[in-house]
Amino acid sequence: MVIKKILVPTDFSSFSGFALIVASRIALRAGATLVLLHISEKLKATHHVPVETGVIPEGKDSIRVELDRLVQEAALNGIKAEAVYVQSQGADEIEDYIKPYEIDFIVMGSHGLKGIRSAIAGSSTRRLIRKAEVPVLVIKQSVDEKNQFKNIVFASTFRKDQSQALNYIVSFARYFESSIHVVFINLYYHLIREDVARETIARIMEKYKDVNYTVNISETNSEDYGIEDFAEKIDADLISVVMENHLFVGGFLNLSVADKLIQKQSKPVLVINPSDC
């Protein structure tokens, strides 16, 4: 994975500010361009109409000024950035701008809604991690400036081939010279012999000779708990998982592991959609 363009949705909240800081660090390492996207949903406008740079919609001067300020601030830090200001009647979504702007990676701030409100009503974050055709890094709080993603957790039950997802993780890790802690989530109701689990990970990782990694087994009856518990034990800087399909069971939404981690975790969560692989 080569990161050339990073999409950063912004509503100018503190959460999107946290995401922009992290995206800027990645851009510096990768030599990537930031695309700062703001969607205004209450303006009368045609669907999918970005406002060209320098054109200020009547009554919305402050939005354009703020976007331009962020672009200039990025430039002062040696980062190329462009602003995309969209007038929408409510139909535009963040994922609509991935292909047109040739986005490789998304960094998004999240308020981290919990409980039934998030499960039923959903949020832009929950929708995006399902529909995005590129990896999405979700940031929920300010990340220490010293945090350069030195310890990355990649966890899975490995019931499906995860080699392509690991290609993304390894590529990202190389930007920060990170260590990858690969965790085999060994569920009690589908328990695999430890030697088989370790051999599975070793076989997938054997081609990454230049990357530091560890092989770990977590025996648990809850996938998200096993991931969280391991991440806390090693004080991980980033948790990465593959997005799984979600189902409605008995009229209720069966949340994916990615959903649960984003809701509960304060650590950054990198979600890779199977369609990316």
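Presented here is an overview of the structure given in this document. (Residues numbered from 1 in each chain as written. Predicted model: local features only at pLDDT ≥ 70, side-chain atom pairs only at ≥ 80, totals over all residues. Heavy atoms only, no water.)

1. Some remarks on the overall build of the protein
What the protein contains, in helices and strands, is eight helices and 13 strands. The buried share of the protein, taken over its 277 residues, is 53%. When contacts within the protein are restricted to residue pairs at least 6 apart in sequence, those whose partners lie at least 24 apart make up 80%. For the protein, the computed accessible surface area is about 13700 Å², with 50% contributed by carbon and sulfur atoms. (Helix = DSSP H or I, 4+ residues; strand = E, 2+ residues; numbered from the N terminus. Buried < 20%, exposed > 50% of the residue type's maximum accessible area, 1.4 Å probe, protein only. Contact = heavy atoms within 4.5 Å. Areas by Shrake-Rupley, 256 points an atom, 1.4 Å probe, with all protein chains shown as cover.)

2. Considering unusual backbone geometry
Leaving glycine out, the prevailing phi sign among residues is negative, and the prevailing peptide bond configuration is trans. With a phi close to 70°, F12 is a non-glycine residue in the positive phi region. With respect to the element layout, F12 can be found in the loop between β1 (5-9) and α1 (14-30). Although it is not a glycine, E102 sits at a positive phi angle of roughly 50°. Looking at the element boundaries, E102 is found in the loop between β4 (81-87) and β5 (105-109).

3. With respect to the packing of helix α4 (residues 124-131) against helix α8 (residues 257-264)
The N-to-C vectors of α4 and α8 enclose an angle of 145°; their axes lie 11 Å apart at closest approach. Every pair of crossing elements has a handedness; the one defined by α4 and α8 is right-handed. Where α4 approaches α8, its residues T125, R126, I129 and R130 are matched on the opposing element by A258, D259, I262 and Q263. Grouping the amino acids of the contact of α4 with α8 by side-chain chemistry returns three nonpolar, two polar and three charged. (Axes fitted to C-alpha atoms, helices over the stretch in contact; angles between N-to-C directions. Left-handed = near helix turned anticlockwise from the far one by under 90°. Nonpolar A, V, L, I, M, F, W, Y, C, P; charged D, E, K, R; others polar.)

4. Digging into the pattern of salt bridges
Applying the stated criterion to the full structure yields 17 salt bridges. With a closest N to O distance of 3.0 Å, D259 and R126 form a salt bridge. Residue D259 is located in helix α8, and its partner R126 is located in helix α4; the two are separated by 133 residues in the primary sequence. The class of R126 is buried, set by a relative accessible area of 10%. One salt bridge connects K233 with D229, and the closest N-O pair in it is separated by 3.2 Å. Remark: D229 and K233 occur in helix α7 (residues 223-234); sequence separation between them is four residues, near one turn of the helix. (Salt bridge = Lys/Arg side-chain N within 4 Å of Asp/Glu carboxyl O.)

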